[in-house]
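Structural features, examined
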Amino acid sequence: MDLQQLECGGREDESGVTFRHLKFVQHVCTKVHWHQRRKVQPASYWSHPVLTAGLAVKAGGGLRAACIAFGHDTLEEGGIEVWELLRKGLPWSVCMAIRTLTPPPEERCLPWLERKARAIQRMRDYMDDDVSLVAAADKCATLKEMNWDIDLLGADVVWGRM
């Protein structure tokens, strides 16, 4: 993805994150996820980070948590490196939080249980309230989406596509 046209900045909240940062991450997220499809339904995968951000904010997160939520799958799915986000002005703390929630390329082919164990270890090493909040919101969003899919298509169809 070409990030040349986008820059961050503007009035900060207590975490140093601005609405411009949020708009920037939303834009990158939209470019990465808009044409991707969810596993079960043909809906845009873009709805997942939107739901995750909404749940994080509803649970008390601020602009930083919303930025992390919008960016949490972007590095993995979009072929974007964290240094590109830093270069465009996204705060270091947001970039490192997104990186914490993103498995490195060499982990993506590991068995599910080992990937999850490594994700938990990355979160332990980073120890950040917004990372924990977004990780929980991500799991809740996934469960909500699965319940919607089950209601619409039935459990056998949903579990058969996982």
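Treat the numbers as computed from the prediction; the structure is a model and nothing was measured. (Residues numbered from 1 in each chain as written. Predicted model: local features only at pLDDT ≥ 70, side-chain atom pairs only at ≥ 80, totals over all residues. Heavy atoms only, no water.)

**A word on the nonpolar core**
Quick reminder of the rule: For this analysis, a nonpolar core means a set of buried residues of the types Ala, Val, Leu, Ile, Met, Phe, Trp, Tyr and Cys, connected via side-chain atoms within 4.5 Å. Partly exposed describes any residue whose relative accessible area lies between the buried limit of under 20% and the exposed limit of over 50%, with all areas from a 1.4 Å probe on protein chains only and scaled to the type maximum. Only runs of H or I of at least four residues qualify as helices and only runs of E of at least two qualify as strands under DSSP, and these elements are numbered from the N terminus. Any two residues whose heavy atoms approach within 4.5 Å are treated as being in contact.
One finds Ile68, Leu85, Leu90, Val94, Ile98 and Val134 to be the most contacted residues of the largest nonpolar core, which totals 35 residues. For this core, the elements supplying multiple residues, two or more each, are helix H1 (19-33), helix H2 (47-58), helix H3 (63-71), helix H5 (82-87), helix H6 (92-100) and helix H8 (129-153). The element best represented in this core is H3, accounting for 7 residues. For Ile68, the contacting residues outside a window of four places in its chain are Val94, Ala97, Ile98, Leu101, Asp130 and Val134.

**Some words on the packing of H3 against H6**
This is how it is decided: Axes here refer to lines fitted to C-alpha atoms; in helices the fit is confined to the stretch in contact. Angles between the N-to-C directions go from 0 to 180 degrees. Orientation categories follow fixed angle ranges, with anything under 35 degrees roughly parallel, anything over 145 roughly antiparallel, 65 to 115 roughly perpendicular, and all other angles oblique. Here is the rule for handedness: rotate from the far helix to the near one, and if that takes an anticlockwise turn smaller than a right angle the crossing is left-handed, while a clockwise turn gives right-handed. Here the term charged refers only to Asp, Glu, Lys and Arg, the term nonpolar to Ala, Val, Leu, Ile, Met, Phe, Trp, Tyr, Cys and Pro, and the term polar to all other amino acids, Gly among them.
Contact geometry of H3 with H6 gives a least axis separation of 9 Å together with a crossing angle of 40 degrees. In terms of orientation, H3 and H6 fall into the oblique class. Relative to H6, H3 is oriented so that their crossing is right-handed. Residues Arg64, Cys67, Ile68 and Gly71 of H3 touch H6, and the partners they reach there are Ser93, Val94, Ala97 and Ile98. Among the residues forming the contact of H3 with H6, the class breakdown is 5 nonpolar, 2 polar and 1 charged.

**A few points about the packing of aromatic side chains**
Put simply, the rule is: In this scheme Phe, Tyr and Trp rings, the latter by its six-membered ring, pair at centre separations within 6.5 Å, and the angle between planes marks the pair as stacked below 30 degrees, edge-to-face above 60, and tilted otherwise.
In the structure shown here, the tally under the stated rule is 1 aromatic pair. An angle of 65 degrees between the planes, with centres 5.3 Å apart, marks the rings of Trp34 and Trp46 as edge-to-face. Taken together, the residues Trp34 in the loop between H1 and H2 and Trp46 in the loop between H1 and H2 connect sequence positions 12 residues apart. Given the relative accessible area of 40%, Trp34 is considered partly exposed. When its relative accessible area of 26% is taken as the criterion, Trp46 is described as partly exposed.

**Here we look at the side chain of Asp128**
Rules: Nitrogen and oxygen atoms within 3.5 Å of one another constitute a polar contact, given that in protein one can donate a hydrogen and the other can accept it, and given that sequence-neighbouring residues count only through two side-chain atoms.
Along the chain, Asp128 turns up in the loop between helix H7 (112-126) and H8. Within the structure, the side chain of Asp128 is placed 3.0 Å from the side chain of Arg64, a separation counted as a polar contact.

**Overview of the pattern of salt bridges**
As a reminder, the rule being used: Think of a salt bridge as a Lys or Arg side-chain nitrogen and an Asp or Glu carboxyl oxygen that are within 4 Å of each other.
A complete count under the given rule lists 6 salt bridges for this structure. One salt bridge connects Arg118 with Glu114, and the closest N-O pair in it is separated by 3.1 Å. Here Glu114 and Arg118 lie together in helix H7, a separation of 4 residues that amounts to about one turn. On the basis of relative accessibility, which here comes to 35%, the residue Glu114 falls in the partly exposed class. If you follow the salt bridges from partner to partner, you end up with Glu107, Glu114, Arg118 and Arg122 in one network.

**Topic: the confidence of the model for the protein**
Just so we agree on the cut-off: A residue's pLDDT is simply how confident the predictor is in it, with values from 0 to 100.
Overall, the predicted model of the protein reaches an average pLDDT of 84, with 91% of residues at or above 70. When pLDDT is averaged over each element of the protein, H3 comes out on top at 94 and helix H4 (residues 74-78) at the bottom at 79. Contacts for the low-pLDDT stretch residues 1-7, under 50 throughout, to residues beyond four places or in other chains number 17 contacts.

**Some remarks on the packing of H2 against H3**
The geometry of H2 relative to H3 is characterised by a closest axis approach of 8 Å and an angle of 160 degrees between their N-to-C directions. By the angle between their directions, the pair H2 and H3 is classed as roughly antiparallel. Regarding H2 and H3, the two cross each other, and that crossing is right-handed. Along its contact with H2, which presents Pro49, Val50, Thr52, Ala53 and Val57, the element H3 presents Ala66, Ala69 and Phe70. Across the contact of H2 with H3, the residue classes break down as 7 nonpolar, 1 polar and no charged.

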